[in-house]
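A closer look at the structure
Letter by letter, the chains look like this.
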Amino acid sequence: QVQLVESGGGLVQAGGSLRLPCAASGSIFSIHAMGWYRQAPGKQRELVARITSGTSTNYSDSVKGRFTISRDSAKNTVYLQMNSLKPEDTAVYYCAGDIAIPGSWGSSRYWGQGTQVTVSS
């Protein structure tokens, strides 16, 4: 199977930075895209940033200019660099991957366990 493991969350003051890595492992044939989502208390999970195998990226409007997503294909790892953090960025951040396993048709969505990011004012 496929596992996604996030790290790098924590408590930071407003204006600070954090970097979230997410590593995919297991029976992986190919990775079509990876991304980061977040869910704040009482709110729906929302897309933060996404990067495709061709390194095309897209961001939510709320993080454009502050967050940067990148990937190291050799390590099956995606990174979310978060700068100029705001209290409204506080949420559980989830890594997601659209990954094909050997012998499968197309890709499936896999999720990490989530990592808490708390931004204090």
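Structure: above.
How each quantity is defined
- Each chain carries its own residue numbering, running from 1 in the written order of its sequence.
- Totals for whole chains, interfaces and linings use all residues, but because this is a predicted model, local features are given only for residues with pLDDT of at least 70 and pairs of side-chain atoms are given and counted only at 80 or more.
- To obtain the side-chain values, all non-hydrogen atoms of the structure were included, while hydrogens and water were left out.
- By definition, any uninterrupted DSSP run of H or I lasting at least four residues is a helix, any uninterrupted run of E lasting at least two residues is a strand, and each is numbered from the N terminus.
- Radius of gyration here uses only the C-alpha atoms, and the compact-globule reference equals 2.2 Å multiplied by the residue count raised to the power 0.38.
- A 1.4 Å probe rolled over the protein chains alone gives each residue an accessible area, and that area as a share of the maximum for its type sets the label: buried under 20%, exposed over 50%, partly exposed in between.
- For this analysis, residues touch if any pair of their heavy atoms sits within 4.5 Å.
- All accessible areas in this document rest on Shrake-Rupley with a 1.4 Å probe, and a residue is counted as covered only by the protein chains that are shown.
- Positive residues here are Lys and Arg, negative ones are Asp and Glu, while His and the chain termini are left out of the count.
- Working definition for charges: the position is that of NZ of Lys, CZ of Arg, CG of Asp or CD of Glu.
- Any Lys or Arg side-chain nitrogen located within 4 Å of an Asp or Glu carboxyl oxygen qualifies as a salt bridge.
- One requirement defines pairing of two strands: DSSP has to find at least two bridges between them.
- Whenever a helix is involved, its axis is fitted only over the stretch in contact; in every case the axis is a line through C-alpha atoms, and angles between N-to-C directions fall within 0 to 180 degrees.

**Quick look at the overall build of the protein**
A tally of helices and strands in the protein yields zero helices and eleven strands. When the helices and strands of the protein are read in sequence order from the N terminus, they spell out β-β-β-β-β-β-β-β-β-β-β. By the compact-globule yardstick of 14 Å for 121 residues, the protein fits well, its C-alpha radius of gyration being 14 Å. Projected onto its principal axes, the C-alpha positions of the protein cover 50 × 25 × 25 Å. For the protein, buried positions account for 40% of its 121 residues. Across the protein, the fraction of contacts at a sequence separation of at least 24, relative to all contacts at a separation of at least 6, is 57%. Here the protein has roughly 6,300 Å² of accessible surface; of this, 49% comes from carbon and sulfur atoms. Taking the 11 positively charged and 7 negatively charged side chains of the protein as two groups, their mean positions are separated by 2 Å.

**Some remarks on the pattern of salt bridges**
Applying the stated criterion to the full structure yields six salt bridges. For the salt bridge of Asp-98 with Arg-50, the shortest nitrogen-to-oxygen distance reads 3.5 Å. Of this pair, Asp-98 sits in strand 9 (residues 91–100) while Arg-50 is found in strand 5 (residues 46–52), placing the two residues 48 residues apart along the sequence. According to the relative accessible area criterion, Asp-98 is buried, its value standing at 12%. Residue Arg-50 is classed as partly exposed on the basis of its relative accessible area of 26%. The salt bridge partner of Asp-98 is Arg-109, with a shortest N-O separation of 2.4 Å.

**Topic: the sheet that holds strand 1 (residues 2–6)**
In space, the four strands of this open sheet follow the order 1-3-8-7, with antiparallel pairing throughout. The outermost strands of the open sheet, each flanked by one partner alone, are strand 1 and strand 7 (67–72). The average undirected angle you get between the axes of adjacent strands in this sheet is 15°. In terms of strand pairing, strand 7 meets strand 8 (residues 77–82) through six bridges, oriented antiparallel. For Arg-71, the partnering residue across the bridge sits in strand 8 and is Val-78.

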